[in-house]
There are 4 protein chains.
Amino acid sequence: MPAEPSVPESDKRVVILNPHPRKISEIFTDEDLERLHQMARVVWAKDEPIPPEELASVREQAYAVIMARWHNFSIAEFPALRAILEVSGRHPSPSLLDYETCFARGIRVLSCAPAFGPMVAEMALGMALAASRQIVAGHVGFLDGSERYLHEGNLDTFTLYDKPVGLIGFGGLARALRPLLAPFRCSIQVYDPWVAPTYLRDQGVMPLSLEELLVTSRVIFVLAIPSVENKSLLDRELLKLIRADAVLVLMSRAHVVDFDALTEMLYAGRFRAAIDVFPEEPLPPDHPIRHAPGVVLSAHRAGSVGPELRRIGHLVVNDLEAMLAGLPPLEMQGAQPEIVRRLP
Amino acid sequence: MPAEPSVPESDKRVVILNPHPRKISEIFTDEDLERLHQMARVVWAKDEPIPPEELASVREQAYAVIMARWHNFSIAEFPALRAILEVSGRHPSPSLLDYETCFARGIRVLSCAPAFGPMVAEMALGMALAASRQIVAGHVGFLDGSERYLHEGNLDTFTLYDKPVGLIGFGGLARALRPLLAPFRCSIQVYDPWVAPTYLRDQGVMPLSLEELLVTSRVIFVLAIPSVENKSLLDRELLKLIRADAVLVLMSRAHVVDFDALTEMLYAGRFRAAIDVFPEEPLPPDHPIRHAPGVVLSAHRAGSVGPELRRIGHLVVNDLEAMLAGLPPLEMQGAQPEIVRRLP
Amino acid sequence: MPAEPSVPESDKRVVILNPHPRKISEIFTDEDLERLHQMARVVWAKDEPIPPEELASVREQAYAVIMARWHNFSIAEFPALRAILEVSGRHPSPSLLDYETCFARGIRVLSCAPAFGPMVAEMALGMALAASRQIVAGHVGFLDGSERYLHEGNLDTFTLYDKPVGLIGFGGLARALRPLLAPFRCSIQVYDPWVAPTYLRDQGVMPLSLEELLVTSRVIFVLAIPSVENKSLLDRELLKLIRADAVLVLMSRAHVVDFDALTEMLYAGRFRAAIDVFPEEPLPPDHPIRHAPGVVLSAHRAGSVGPELRRIGHLVVNDLEAMLAGLPPLEMQGAQPEIVRRLP
Amino acid sequence: MPAEPSVPESDKRVVILNPHPRKISEIFTDEDLERLHQMARVVWAKDEPIPPEELASVREQAYAVIMARWHNFSIAEFPALRAILEVSGRHPSPSLLDYETCFARGIRVLSCAPAFGPMVAEMALGMALAASRQIVAGHVGFLDGSERYLHEGNLDTFTLYDKPVGLIGFGGLARALRPLLAPFRCSIQVYDPWVAPTYLRDQGVMPLSLEELLVTSRVIFVLAIPSVENKSLLDRELLKLIRADAVLVLMSRAHVVDFDALTEMLYAGRFRAAIDVFPEEPLPPDHPIRHAPGVVLSAHRAGSVGPELRRIGHLVVNDLEAMLAGLPPLEMQGAQPEIVRRLP
């Protein structure tokens, strides 16, 4: 089924490989890169951005473009295009890519987001446990000799077993997180305005309003991708609803939270939090959240584990292989009209 | 099937409840305590240790004793005894309890160890992730502004997915940990000299020599209970076998590790570790491991989460209920002759 | 998120409900039908086929059509159409529906096939066990007193535990069957020319050539939907490769097997089979397969369990609800260009 | 850890291997038999019963006896005995074996019952599906051309998905059956007077009275081993409680059911049944249940699948290996005082 290795070079489809600012060796194993070269005529394939003149010379034949960022190129200038495969982790903004034309022409716009699901889900669980079991705070105590043993060190800890857990956003991250939570028998409650409640019930989770979710959940995972609709979704009033014994785990984007309000509430000891993403990165050296009580901080590290990034290239090559064999791509995330029009 | 509530008090069996140094409210919910009083004539039931004269007055009628420590009482002085239910987490030492007489008389010696499995397993996973994903080190970086973002912060991290994981000890903790590891698809390799290799294979894990396990595992969980055989089992020579990219997670007892060698090797950057138990607790203020690189420290906090401790009383009352109804106890861990004779 | 009940009737979208030859009460619960009427202006909604003049009067406004068969209507005559939701179980033939126009216009063509997965998978497992454990043959023995007890009745039986199982086709049926096989720890080997081998490996199954699959599998499930490519795929030569101790379970369509060759081989005692679908239904009264040894026959009954058929309507209403709220449909199976062009 | 192969023959423990009426090759693989000979001095080891004089000559040295039936030997005549390993599937009757002395002397009385769990559970599921999906009745229809297609053939069928399932008996068979039922998401309700309700709840099943279980369950699995207490437990009055749309699956022993009442009720069409065990085997040729409507009959074939019986020898050798290494046996089922005294 894969493109035969014996296909003459001249008969191979043209694939532009322009992953900048990602590096090729960062996202492809040697084996997957070799497979890619076997199945297609790979153009550019360098870590620097493709120069405009280089692009101009191949775009008419390009069957697929593998890229991290779509620079507002006109789709009309790619008459043979069948697939755009992005390697950054998000579908391009509709302000840069003309999705309507892509859909009308049957061009697949594929995101590598699924490659990130497992490693981000693992980090979300690890950060949740670091906060709920006070693993970080407990360790820091050892640095100045203030650690407290046994029950004295567990006055505010709790286990995940049988606890209600809230997921804000039920996309790929949620799907990767659910199996990790399953052995803890948590009841999963979900807020996601992009998914019908009946579907959520069919998936074995409980659809809730955002208010109800915040009031009842013991751990709240913020997994929603940024959209034009969810800027500062978790504002001060909503943050106030969170239980005093809860942990807020912010994984997707700081975009969806009023970060100043969150910082203040952590200082007030209102609840605990684990945070991987910030409104500004690097975080300013004097940002007060650095020393907020009850917080676990991570420097946007959930989705950047070296060896796992090669999963991106694996999905790209697998889906190109399928398409070149006349089959649908099954691994990357295809753009959905209803969703991409809501992207910022 | 449970003892009828209407049993006259005088017909009820005598159960001595003497959990000191545990407190009754720490290990029993009100509901389970009420069930206990319904099914038996409960004697003492105070947080202080039972005075010798008090004990002397009831021991001849005692059907069961619920206690944290067995003080070298003579079993012969308890002619009606059918069960010893311990609430500390370990079977009594054979130097204090005459197990042979218990076995010959059919007295059940039951340990509440199963109550600890889930919470310790969760902590083991949390500490493993805190080390493998550098959640603790990453957070500490924020305190002085040295945090590194994205790939720069992930130079030494790895995920658990599909990694070989070694378990030293395949008792109750290992059984509680396995479901938490299952979604990561780790291959599980086990060293446990108390369990036959054929049995391990039947359980879907790979029996290995300790040397092989140390050489190959990416995460090594030390879960073995202390025995007369395993003092400093992980000595300097064995610790040298651990991979440079591995994490050693010490959960059960410091007894099984040469702690000085471990500390030195962490300073030498040989591997990483997460440690919940220490040779001396509290750890001396100047112990070098407090500042060892690549370590996550926890003050013996894995098995002391408040609400979870009520699980102990639940198991005790359930098993007493079963025994009083003429049924075998199914929840606590019965003493096995081959094992208890190896306990220190 | 769902369409508000208070939407005035005149503002609601028009949905043509024409499920003939299915009956409305067969595929919708009262509750789902009520939801449908709440969210849309439902036209026709009778068990008889919609008359042409009736259709002509509403097709210009139709937002969606719910139907069992697409009668070669011109898509151009449905200018407002956004969705075709079929309730028979298969996407319409490309000879009857102009998919290219649908794709270009962004019209979703949705199949209710996922509603059938669980009940067909259960029947596939039940029929496999009926053959492997000789449940049918064992019962028939009782009718004339020839039953054989204990080992004598188990000379040719086997269990599924740890056996290699082959799946021909890795679509929705295979996905519904996998969890049912999981507790038997079968190794799953797959032949599906529509799915890339790398994807199959990522799903934890082993891609094999059809020949290898037939030679090695102990149970072979034929789950492939009919296509222009797979007519009599399992021909006499391939059937000869099947192990003598294997069971062939034919669930999807007789189309994919040389049925005469299969019948002969069963008479020759070459292997055993369980068959739910036939080249001609009803099967001719004198068809020899009725009395073939080692066969379990079922009259196309895997996908027609009454209460389960209401799942069709549930998926239809859920996906319409999502689309009317501006969200992507998540429950039914969307047409893929690469696949529909291969349909007969 | 296993007994070293180099142990001189004279130092090996004596194990009497007397499995009659089972045959050695029926229950041991060559490999396991070889392991047994390596680790012990195996005496007798023939398929015929050991002659009394032969037994008399070795019983004083016997460390273990592997046997199918215990013939009322006096335990006192086996002064070195440490283990009785039975290979029939049930612990010996307390009328034949002096359990009290075994317990007092620490002699393990081990049953191979766990070897049967998986194959019996598979058959129980297969027979349940054969009845619920009418796989047997549907096949029989083909024999005389009366088969009915599609919905017409599914007027009385149902799937297991999400249905309430009742288990009468929560021992090893129930534990082997639960994982097979798990993917069907059945709610599991249990009646077992030998297990405390609190324990059942902890196991995630719902303890019910027998009456409630019969009234509510859609499939009822009878899995209880015979005891002095449960003769004809399911009498006519209780059988009347079963739902008209339910299937009764009788797997363990006919002992627990009023078989005449059951036969009558099947003729009256009160419910359906699948039956593997009979009050008299072979069943009399004129027994009316042979032609009862809605029944699936199997000739005590659930636990006699040839290759699976070697699991018995595997467990026996594994547990002997463990015991000879000074470790507790983990695979076979140890006799519990509270249970064995209830055996018939």
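None of the values given here were measured: they were computed from a predicted structure.

Draft legend 1. Seen up close, the relation of the copies chain A and chain B. Expressed as a screw transformation, the operator carrying chain A onto chain B has a rotation angle of 180 degrees and an axial translation of 0.0 Å, and the superposed copies differ by an RMSD of 0.0 Å. Expressed as an axis order, the relation between the two copies is that of a two-fold axis. In this assembly the copies share their binding face: 100% of the residues contributing to the interface of chain A also contribute to that of chain B.

Draft legend 2. Representation of the interface of chain A and chain C in the model. Taken together, the 31 residues of chain A in the interface contact 31 residues of chain C. When chain A packs against chain C, the two sides together hide about 2400 Å² of surface, and 55% of this comes from carbon and sulfur. There are four salt bridges connecting chain A and chain C. We note a salt bridge from Glu 338 of chain C to Arg 108 of chain A, for which the minimum N-O separation is 2.5 Å. Linking chain A with chain C are 14 residue pairs in polar contact (both at pLDDT 80 or more), by the criterion used here.

Draft legend 3. Fine view of the arrangement of the chains. The smallest C-alpha distance separating chain B from chain C is 11 Å, and no contact links them. No part of chain A reaches chain D; the closest C-alpha pair between them is 11 Å apart.

Draft legend 4. Expanded view of the sheet that holds strand E1 (residues 14-18) of chain D. All names here are of chain D. Spatial strand order, E2-E1-E3-E4-E5-E13: six strands in an open sheet with mixed pairing. Pairing within the sheet leaves two strands with one partner each, and these edge strands are strand E2 (41-44) and strand E13 (333-334). The strands touched by helix H12 (residues 306-324) within the sheet are E1, strand E3 (62-67), strand E4 (83-86) and strand E5 (108-111), with E3 carrying the most contacts at an inclination of about 170 degrees.

Draft legend 5. Broad picture of the relation of the copies chain A and chain C. When chain A is fitted to chain C, the residual RMSD is 0.0 Å, and the transformation amounts to a turn of 180 degrees plus an axial shift of 0.0 Å. The overlap is high: 100% of the interface residues of chain A also sit at the interface in chain C, so the same surface is used on both sides.

Draft legend 6. Spatial organisation of the sheet that holds strand E7 (residues 187-191) of chain C. All names here are of chain C. Judged by pairing direction, the sheet is parallel, and its seven strands sit side by side in the order E8-E7-E6-E9-E10-E11-E12 without closing on themselves. Both outer strands of the open sheet, strand E8 (206-207) and strand E12 (295-297), are each paired with one neighbouring strand and no more. Taken together, the four bridges between strand E6 (residues 164-168) and strand E9 (residues 219-222) define a ladder with parallel strand orientation. Among the inter-strand pairings, Gly 166 is bridged to a residue of E9, identified as Ile 220. Along the sheet, helix H11 (residues 259-267) contacts strand E10 (247-250), strand E11 (272-275) and E12; its crossing angle with E11, the most-contacted strand, is approximately 135 degrees.

Draft legend 7. Representation of the state of the cysteines in the model. A full pass over the atoms with the stated rule returns zero disulfides over all chains. Here Cys 112 of chain D is not disulfide-linked; the sulfur of Cys 102 of chain D is the nearest cysteine sulfur, at 17 Å.

Draft legend 8. Region of the structure containing the packing of helix H5 (residues 117-132) of chain C against helix H7 (residues 172-181) of chain C. Residue and element names in this part refer to chain C. Viewed as axis vectors pointing N to C, H5 and H7 meet at an angle of 55 degrees, and their least axial separation amounts to 8 Å. Taken together, H5 and H7 sit at an angle that is classed as oblique. Read as a crossing pair, H5 and H7 show a hand that is right-handed. Residues Gly 117, Pro 118, Val 120, Ala 121, Glu 122, Ala 124 and Leu 125 of H5 pack against Leu 173, Ala 176, Leu 177, Leu 180 and Leu 181 of H7. Its residues assigned to classes, the contact of H5 with H7 comprises ten nonpolar, one polar and one charged.

Draft legend 9. Broad picture of helix H12 (residues 306-324) of chain B. All names here are of chain B. The first and last C-alpha atoms of H12 sit 29 Å apart over 19 residues, in line with the 27 Å expected at 1.5 Å per residue. Counting buried residues in H12 gives 14 out of 19 residues, a clear majority hidden from the surface. Positive phi appears at Gly 326, one or two residues downstream of H12, with a value of about 80 degrees.

Draft legend 10. Main features of the interface of chain A and chain B. Between chain A and chain B, the contact holds 57 residues from the first and 57 residues from the second. Interface area, chain A with chain B, both sides summed: about 5000 Å², of which 61% is carbon and sulfur. Contact with chain B buries surface across chain A, with Glu 122, Phe 142 and Arg 301 of chain A losing the most and accounting together for 15% of the total. Taken together, the links from chain A to chain B amount to six salt bridges. Between Arg 290 of chain B and Glu 147 of chain A there is a salt bridge; the shortest N-O distance is 2.8 Å. Of all elements in the fold, only helix H5 (117-132), helix H6 (135-143), helix H7 (172-181), strand E12 (295-297) and helix H12 (306-324) of chain A reach the threshold of two or more residues within the side of chain A that touches chain B.

Draft legend 11. Summary view of the pairing of strand E9 (residues 219-222) of chain D. All names here are of chain D. Where burial is concerned, the two faces of E9 agree: the one with Val 219 and Phe 221 and the one with Ile 220 and Val 222 are both buried. With four bridges joining them, E9 and strand E10 (residues 247-250) adopt parallel strand pairing. Pairing of Val 219 across the sheet is with Val 247, part of E10.

Draft legend 12. Region of interest: helix H7 (residues 172-181) of chain D. Residue and element names in this part refer to chain D. Along H7, the residues that are buried comprise Ala 174, Ala 176, Leu 177, Leu 180 and Leu 181. Projected down its long axis, H7 carries its buried residues within an arc of 165 degrees, all on one side. Those residues of H7 that are buried lie in contact with helix H5 (117-132), strand E6 (164-168), strand E7 (187-191) and E9.

Draft legend 13. Quick peek at the side chain of His 91 of chain C. Residue and element names in this part refer to chain C. Its location among the elements puts His 91 in the loop between strand E4 (83-86) and helix H4 (99-105). We classify His 91 as buried; its relative accessible area is 14%. At 3.0 Å, the side chain of His 91 and the backbone oxygen of Gln 333 are in polar contact. Reaching out from His 91, the side chain makes a polar contact with the backbone nitrogen of Ala 335 at a distance of 3.3 Å. Ignoring sequence-local partners within four residues, the contact set of His 91 consists of Glu 86, Tyr 99, Val 109, Leu 110, Ser 111, Gln 333, Gly 334, Ala 335, Val 340 and Leu 343.

Draft legend 14. A look at the pattern of salt bridges. In this structure the tally under the stated criterion is 68 salt bridges over all chains. Among the salt bridges present, the one from Glu 308 of chain B reaches Lys 163 of chain A, with a minimum N-O distance of 4.0 Å. Taken together, the positions of Glu 308 of chain B in helix H12 and Lys 163 of chain A in the loop between H6 and strand E6 (164-168) put the pair across two chains. Judged on exposure class, the residue Glu 308 of chain B and its partner Lys 163 of chain A are both buried. We note a salt bridge from Arg 243 of chain A to Asp 245 of chain A, for which the minimum N-O separation is 2.7 Å. On the basis of relative accessibility, which here comes to 29%, the residue Arg 243 of chain A falls in the partly exposed class. What makes Asp 245 of chain A partly exposed here is its relative accessible area of 27%. A single salt-bridge network, built from bridges that share partners, covers Asp 32, Arg 35 and Glu 321 of chain A.

Draft legend 15. Layout of the nonpolar core. In terms of nonpolar packing, the biggest core is built from 150 residues, with Leu 125, Leu 167 and Phe 221 of chain C together with Leu 125, Leu 167 and Phe 221 of chain D touching the most fellow members. Filtering out sequence-adjacent residues up to four positions away, Leu 125 of chain C remains in contact with Leu 160, Leu 177, Leu 180, Leu 181, Phe 184 and Phe 221 of chain C together with Leu 125, Leu 129 and Phe 184 of chain D. Val 87 and Leu 167 of chain A together with Val 87 and Val 120 of chain B belong to the second largest nonpolar core, which has 146 residues in total.

The rules behind the values
- Residues numbered from 1 in each chain as written.
- Chains lettered and ligands numbered in written order.
- Predicted model: local features only at pLDDT ≥ 70, side-chain atom pairs only at ≥ 80, totals over all residues.
- Heavy atoms only, no water.
- Least-squares fit on C-alpha atoms with pLDDT ≥ 70 in both.
- Contact = heavy atoms within 4.5 Å.
- Buried area = accessible area lost by both parts, 1.4 Å probe.
- Salt bridge = Lys/Arg side-chain N within 4 Å of Asp/Glu carboxyl O.
- Polar contact = N/O pair within 3.5 Å; in protein donor to acceptor, adjacent residues only side chain to side chain.
- Pairing = 2+ DSSP bridges.
- Helix = DSSP H or I, 4+ residues; strand = E, 2+ residues; numbered from the N terminus.
- Axes fitted to C-alpha atoms, helices over the stretch in contact; angles between N-to-C directions.
- Disulfide = S-S within 2.5 Å.
- Parallel < 35°, antiparallel > 145°, perpendicular 65-115°, else oblique.
- Left-handed = near helix turned anticlockwise from the far one by under 90°.
- Nonpolar A, V, L, I, M, F, W, Y, C, P; charged D, E, K, R; others polar.
- Expected span 1.5 Å × (residues − 1).
- Buried < 20%, exposed > 50% of the residue type's maximum accessible area, 1.4 Å probe, protein only.
- Arc of directions from axis to C-beta.
- Core = buried A, V, L, I, M, F, W, Y, C linked by side-chain atoms within 4.5 Å.

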